[in-house]
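Residue strings, one per chain:
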Amino acid sequence: MSPDQMSADPGYVPRLLAAAAFVTRRATDESLTELRLTQERSAILAILSSLCTNEQTLAETSGLEPACVRDCVQALEGCGYAAAEPRGRWTITAAGAEIRRQAEQAEARLLAGGNDDGLRQELSSLIRALAPRPRRPGASRLP
C-alpha cells in the first residue's frame, strides 16, 4: 500500500497496529498455554523468581488487580509452580523456575521469528481485511 493510500484512510494504520498486536498476543498466549501459563501467570512467576512476597506486593509490582493476582498464585500453586509460605508470602518452586525458563525460551523463539509462517499468514489475512477498498471513480467517500 502506498503512502497516498494510507493517508486516504487515516484509520488504517491504527487498525493494522491493533491487529498486529492482537495476533502477537494470541501467538504468545498459545505458546504459554502449552506450559499451563498465561501472560499474567508468567508475569507473577517472573516476579517470584527474584522476590518472595505477598499478594499485595505482587499486585503492586505487576500492575495486576489483586483478584487477578490471587487467581494467578492459586493456579500456579495448583500446577506446582508456586508455594505459599507462612505469613501469606509466595515463592517460586523448582518446577516453577524450570517452567519460567521454558516460557522465556518460548518468548525468545517467538520474537526471533520461530513461528513466522503462521504469524505472517494471519497478519497477511488481517492486512487484506483491513486494507481500504479502492474507490470507484465518482463514488462518494461515505459508505
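Enquirer: Go over the side chain of Arg100, please, and point to the residues and values.
Expert: If you trace the backbone, Arg100 turns up in helix α6 (residues 94-111). Taking relative accessible area as the criterion, Arg100 reaches 16% and is therefore assigned buried. Apart from the residues lying within four places of it in its own chain, the contact partners of Arg100 are Ser42, Leu45, Ala46 and Ile92.

Enquirer: I'd like a description of the sheet that holds strand β3 (residues 89-92), backed by residues and values.
Expert: In space, the three strands of this open sheet follow the order β1-β3-β2, with antiparallel pairing throughout. Across the chains shown, the open sheet's two edge strands, defined by having one partner strand only, are β1 (53-54) and β2 (82-85). Examined bridge by bridge, β2 and β3 share four bridges and lie antiparallel to one another. For Ala82, the partnering residue across the bridge sits in β3 and is Ile92. Each of β1, β2 and β3 is contacted by helix α3 (residues 39-48), which is oriented at about 90 degrees to β3, the strand it contacts most.

Enquirer: Go over the nonpolar core with me, naming the residues and quoting the values.
Expert: Counting residues in each nonpolar core, the largest one holds 20 residues, and the members touching the most others are Leu37, Ile44, Leu45, Leu48, Leu58, Leu76 and Tyr81. Sorting the residues of this core by element identifies α3, α4 (55-62), α5 (66-79), β3 and α6 as the ones contributing at least two each. Ranked by residue count, the leading element in this core is α5, at five residues. Setting aside chain neighbours within four positions, we find Leu58 in contact with Ile44, Ile47, Leu48, Thr53, Gly63, Val69, Val73 and Trp90.

Enquirer: Explain the pairing of β3 to me, using residue names and the numbers behind them.
Expert: Summarising the sheet, β1 and β3 pair through two bridges and their orientation is antiparallel. Pairing of Thr53 across the sheet is with Trp90, part of β3. Two successive antiparallel strands, β2 and β3, enclose a turn made up of three residues, where Arg87 displays a positive phi of approximately 65 degrees.

Enquirer: Can you tell me about the packing of α3 against α5, naming the residues and giving the values?
Expert: Remark: α3 packs on α5, axes separated minimally by 9 Å, with the N-to-C direction vectors making an angle of 80 degrees. Here α3 lies roughly perpendicular to α5, going by the angle between them. Only Cys68, Val69, Cys72, Val73, Ala75 and Leu76 of α5 make contact with α3, whose side of the interface consists of Glu40, Arg41, Ile44 and Leu45. Split into classes, the residues belonging to the contact of α3 with α5 amount to eight nonpolar, no polar and two charged.

About the cut-offs
Residues numbered from 1 in each chain as written. Predicted model: local features only at pLDDT ≥ 70, side-chain atom pairs only at ≥ 80, totals over all residues. Heavy atoms only, no water. Helix = DSSP H or I, 4+ residues; strand = E, 2+ residues; numbered from the N terminus. Buried < 20%, exposed > 50% of the residue type's maximum accessible area, 1.4 Å probe, protein only. Contact = heavy atoms within 4.5 Å. Pairing = 2+ DSSP bridges. Axes fitted to C-alpha atoms, helices over the stretch in contact; angles between N-to-C directions. Core = buried A, V, L, I, M, F, W, Y, C linked by side-chain atoms within 4.5 Å. Parallel < 35°, antiparallel > 145°, perpendicular 65-115°, else oblique. Nonpolar A, V, L, I, M, F, W, Y, C, P; charged D, E, K, R; others polar.

Note that all results are geometric; they support no functional claim without further evidence.
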